[in-house]
Amino acid sequence: MTPHVTIAASSETPAAPEGAASAGSSVARRDVLKTIAAGALAALATPYIRPASAAPSQLRALMWEGYLLPEVIAAFEEKHGVKFTPTFFDGNSEAYNKLRVGGTRDFDLVQADGFWPSLYYREKLIRTVDYAKIPATQHLFPVFKPAEFKLLTDAATGVDFGVPFCWGSYGTTYNADVVPAEKAASIELLFDPAYAGRLSTSARFEENIALAGILVATRMGTIDKPRPNGKPFNPYDLTDEELAGVEKLLIEQKPLLLTRYQDNPTLAQLLESGAVVAAPEFAQTYRLLLAKKAKGEIDTTFAHTLVPKEGGLGWVDTWLVSSGVPDGPMLDVCQSFIDTMITPETMKKVALASGCSTTIDIRSLSTPEEQALYLMDRTGELSKMYMFDQPSSTEKWERVWSRMQAA
Amino acid sequence: MKGRWAGRALLGVPTAFLLGLFVLPLLSMVVLSFWRTENYHIVQDWNLGNYITLATGGAYVTFLIRSLVMASAVSLVCILIAWPVSYSIILYGGRYRLLLTLAFAVPFLTGEVLRVIALQGLLGPLGLINAMLMALGNAPLRFIMYTNVASAIGLIYLYLPIVVTVIYLSLLNFDARLIDAAKIFGASPLRAFVEVTWPLNLFGTLIGFALCFIPCLSATLAPRFLGGPNGTLYGMAMAQQFGESGTWALGAAMGVVLFLTSLIAVLLVGMRVNLRRTGFTGFGRG
């Protein structure tokens, strides 16, 4: 038996259309409740639903903290009438995890490096961008333009899905007063017992394994041999034998390490104090130490090996647009933001603030010292580097890392 | 009747809180622990693989043993330091004793990360201790630079205030006239302490122990910043599963094991206490 409720219409009620419940008709309570629930839901959801054509009021970015320039952001907010909301991450895998669990609805702009953007595109986490709407891309160094730099172009369709931003390697910064340059030219330096207790590496498990993987594959002679997958050697796709070699090598390295540094200031302190004489890093600490040396704050001479002779790891940070962004004003704002961030004037500020090399040619704005320090004439060396990538099996790599940590 | 409903309503709030914010997340973690991950993808494939990996994969057992040893040692040291400190405050603190106890909580006004990083600066190669030693022409103390000793110092620094506060509160509620009574009946100060003060404050001491032991077992920050290459503890390894390696299902299984280990540890300690002797009730036994 269904309970009923009678709804009486007032005299002001407009004429109901045919078929609708008229005055005096009997309406099921369930229907009334459904209507109320739908109304409440609509009221609650309204703030979150915006037509694609509506002017955006917010721009949400998932990005590296080091690239945040408050004055540039403030000017952009004022010009476009949007509020910029950044969320920061430490590693690509963390950003990937965030995007996969609904992040395409939560972020409009995303940053990633190496091969990660192509993974994002394959998994439909990001969308295409139009270089014509980002005029500052004309200032990209030739090596980073789509014609040469293929990591941000879909091979099948030829569409672009990202814009290069900053670049660098995971080279070795070393104390040139203690370590000879010829030793520093090889990854072997990081495993040399002669420097026991005076070496350090980052706490990033992917890059530790990949870098050791290059050395292991070189020692095993597999680096130039045909690979099981038919592709060229990639230190992020190691065979089980190579991974076993990496585990052994990393265990041997443990007693040689003073620590695995967690952040750049810690590494800078360790190098400055002489407690550490060599460590792989993104050259940011190296630039910081060179600046201190130039000011006369330190006496030690530091040098940086960009690409070791066995091969090295490299990265190109990029700006990407999330697949949650539809065509229209929102996409326009995203592309305008990217354009603002890669203008030569902004990129100069980014380089100085973050200590990174830029993919935009800012030589006309830089002194000869800055050009040398920020590797502006060495972009060609990018081709010798293996780009940061997703490990072929995170499960296998995690086991290798855990066994090494427990050993 | 009205009072009974009011009581149920008041108890309902913490019950709902526990159910919503503790039981449900724990259950979701248990479910996740029986699934698996494949290159950052969760595969809803019911299996015991994660638990088999934890039991047979050596490394995780090592992390757990390291953490158990570390948590036990740190908790014991904290108790050993906290007892005389709390006892002195009770005996000699006078009208400032609450202020003295609260002074121990001052470090809590800053974040845990900040405190650990500050300690890293203190114990590191350029830290106050080693810099002073080197300025005096001595060799730096390498055992406090990125070692398990440094981790232990960090954990003691982090959790000692909690233990001091708990033991202080226990002693505050202790009727000191019982010591006088014991002395009147011929007990020496040591015997009065061993037979009266200690057992009657044992429950508070054990609560202090547990409140130090459990967070130490899952500690991530101190071993990460202070522990060095050989300092990986269970909590740090577990956090890694949820971070860069993205092996969430294995991390969930590690969480379940950690929860059960903590529970067993607390039960083992609790079973050794005669609650009636310590003057506590409320465990359903009157």
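Scroll up to find the structure this text is about.
Residues numbered from 1 in each chain as written. Chains lettered and ligands numbered in written order. Predicted model: local features only at pLDDT ≥ 70, side-chain atom pairs only at ≥ 80, totals over all residues. Heavy atoms only, no water.

## Brief notes about the overall build of chain A
Under the convention used in this document: Comment: elements are numbered from the N terminus, with helices defined as DSSP H or I runs of at least four residues and strands as E runs of at least two. Only protein chains enter the area calculation, which uses a 1.4 Å probe; residues under 20% of their type maximum are buried, those over 50% are exposed, and those in between are partly exposed. Here, residues are in contact when the closest pair of their heavy atoms is within 4.5 Å. Values of accessible area rely on a 1.4 Å probe in the Shrake-Rupley scheme; residue burial ignores everything except the protein chains shown.
Assigned secondary structure in chain A consists of 13 helices and 14 strands. Looking at chain A as a whole, 53% of its 407 residues are labelled buried. Counted over contacts in chain A with a minimum sequence separation of 6, partners at least 24 positions apart contribute 73%. Taken as a whole, chain A presents about 18300 Å² of accessible surface, with 56% of it coming from carbon and sulfur.

## Some remarks on the nonpolar core
Just so we agree on the cut-off: By convention a nonpolar core is built from buried Ala, Val, Leu, Ile, Met, Phe, Trp, Tyr and Cys residues, the set being connected through side-chain atoms within 4.5 Å.
L59(A), Y120(A) and I209(A) are the most contacted members of the largest nonpolar core, which totals 116 residues. Among the elements that take part in this core, helix α6 (residues 205-220) of chain A stands out by supplying nine residues, more than any other. Sequence-distant contacts of I209(A), defined by excluding residues within four places in its chain, comprise L238(A), L243(A), V246(A), L250(A), W397(A), V400(A) and W401(A). A82(B), L160(B), L226(B) and A237(B) belong to the second-largest nonpolar core, a separate cluster that totals 52 residues.

## Things to note about α6(A)
Residues and elements named next belong to chain A. Let me state the cut-off plainly: A helix's residues, less one, multiplied by 1.5 Å, set its expected span.
The end-to-end C-alpha distance of α6 is 22 Å, a good match for the 22 Å that 16 residues give at a rise of 1.5 Å each. For α6, the tally of buried residues reaches 13 of 16 residues, placing the bulk of the element in the interior. Where α6 ends, the next residue or the one after it, G221, has phi of about 75 degrees, a positive value.

## Some thoughts on helix α3 (residues 92-106) of chain A
In an α-helix, one full turn covers 3.6 residues, which means residues spaced three or four apart are oriented alike. Condition: Two axes are fitted around each residue, one to the seven residues ending there and one to the seven starting there, and the angle between them is reported as the bend at that residue.
Across its 15 residues, α3(A) extends only 17 Å between first and last C-alpha, which sits more than 12% below the 21 Å expected from 1.5 Å per residue. At R100(A), α3(A) is bent by approximately 75 degrees, the largest bend along its length.

## So, the interface of chain B and chain A
For the record, the criterion: Throughout, the accessible surface (probe 1.4 Å) given up by two parts as they are put together, summed over both, is called the buried area. Whenever a carboxyl oxygen of Asp or Glu lies within 4 Å of a side-chain nitrogen of Lys or Arg, that contact is scored as a salt bridge. For this analysis, a polar contact is any N or O atom pair within 3.5 Å, provided that within protein one partner can donate a hydrogen and the other can accept it, and provided that sequence-adjacent residues contribute only side-chain to side-chain pairs.
Listed per partner, the contact involves 32 residues of chain B and 36 residues of chain A. Each partner contributes to the roughly 2800 Å² buried at the junction of chain B and chain A, and carbon and sulfur atoms together form 51% of this total. Where chain B touches chain A, the interface holds zero salt bridges. Summed over the shared surface of chain B and chain A, the result is 15 residue pairs in polar contact (both at pLDDT 80 or more). Going through the elements one at a time, β1 (36-38), α3 (59-92), α11 (221-226), α12 (234-242) and α13 (248-271) of chain B are the ones with two or more residues in the side of chain B that touches chain A.

## Describing the side chain of S169(A)
Residue and element names in this part refer to chain A. Looking at the secondary structure, you find S169 in strand β6 (residues 163-169). Overall, the relative accessible area of 1% leaves S169 in the buried class. Within polar-contact distance, the side chain of S169 engages the backbone nitrogen of G171 at 3.1 Å. Contacts of S169, omitting those with residues within four sequence positions, involve E281, F282, H304, L306, L313, G314, W315 and M385.

## Let's talk about the packing of helix α5 (residues 112-123) of chain B against helix α6 (residues 128-135) of chain B
All names here are of chain B. The condition that has to hold: Fitted lines through C-alpha atoms give the axes, limited to the stretch in contact for helices. The angle between two N-to-C directions lies from 0 to 180 degrees. By definition in this entry, angles of less than 35 degrees are roughly parallel, angles greater than 145 are roughly antiparallel, angles of 65 to 115 are roughly perpendicular, and the rest are oblique. Residues are sorted three ways: Asp, Glu, Lys and Arg are charged, Ala, Val, Leu, Ile, Met, Phe, Trp, Tyr, Cys and Pro are nonpolar, and all the rest, Gly among them, are polar.
With their axes 4 Å apart at the nearest point, α5 and α6 run at an angle of 10 degrees to one another. Looking at the two axes, α5 sits roughly parallel to α6. Contacts from G121, L122 and L123 of α5 reach α6 at L128, I129 and N130. For the contact of α5 with α6, a count of residues per class yields four nonpolar, two polar and no charged.

## Description of the pattern of salt bridges
Residue and element names in this part refer to chain A. Per the stated rule, a full pass over the model turns up 22 salt bridges over all chains. For the salt bridge of E398 with R399, the shortest nitrogen-to-oxygen distance reads 2.9 Å. On the basis of relative accessible area, E398 is assigned to the buried category, the value being 0%. Each member of the salt-bridge network shares a partner with another, and the members are D361, R363 and D377.

## Observations concerning the environment of V256(B)
Within the fold, V256(B) resides in helix α13. Note on V256(B): relative accessible area 11%, which makes it buried.

## Quick look at unusual backbone geometry
A positive phi angle is found at L375(A), which is not glycine, with a value near 55 degrees. When you line up the elements, L375(A) lands in the loop between α12 (368-373) and β14 (385-387). Here the phi dihedral of Y146(B) falls at roughly 55 degrees; this positive angle occurs in a residue that is not glycine.

## Things to note about the packing of aromatic side chains
Residues and elements named next belong to chain A. Heads up, the condition is: Between rings of Phe, Tyr and Trp, where Trp is taken as its six-membered ring, a pair exists when centres lie within 6.5 Å; planes separated by under 30 degrees are stacked, by over 60 edge-to-face, and by other angles tilted.
The full count for this structure, using the stated rule, is 29 aromatic pairs over all chains. Arranged with centres 5.9 Å apart and planes meeting at 5 degrees, the rings of Y96 and Y120 form a pair that is stacked. Here Y96 is found in helix α3, whereas its partner Y120 is found in helix α4 (residues 116-122), with 24 residues between them in sequence. The burial state of Y96 is the same as that of Y120; both residues are buried. When the centroid spacing of 5.6 Å and the interplanar angle of 65 degrees are considered together, the rings of F165 and W319 count as edge-to-face. In this pair, F165 sits in strand β6 while W319 sits in strand β12 (residues 312-321), placing the two residues 154 residues apart along the sequence. Assessed through its relative accessible area of 0%, F165 is described here as buried.

So, to be careful, I would describe these as geometric facts and stop short of saying anything about function.
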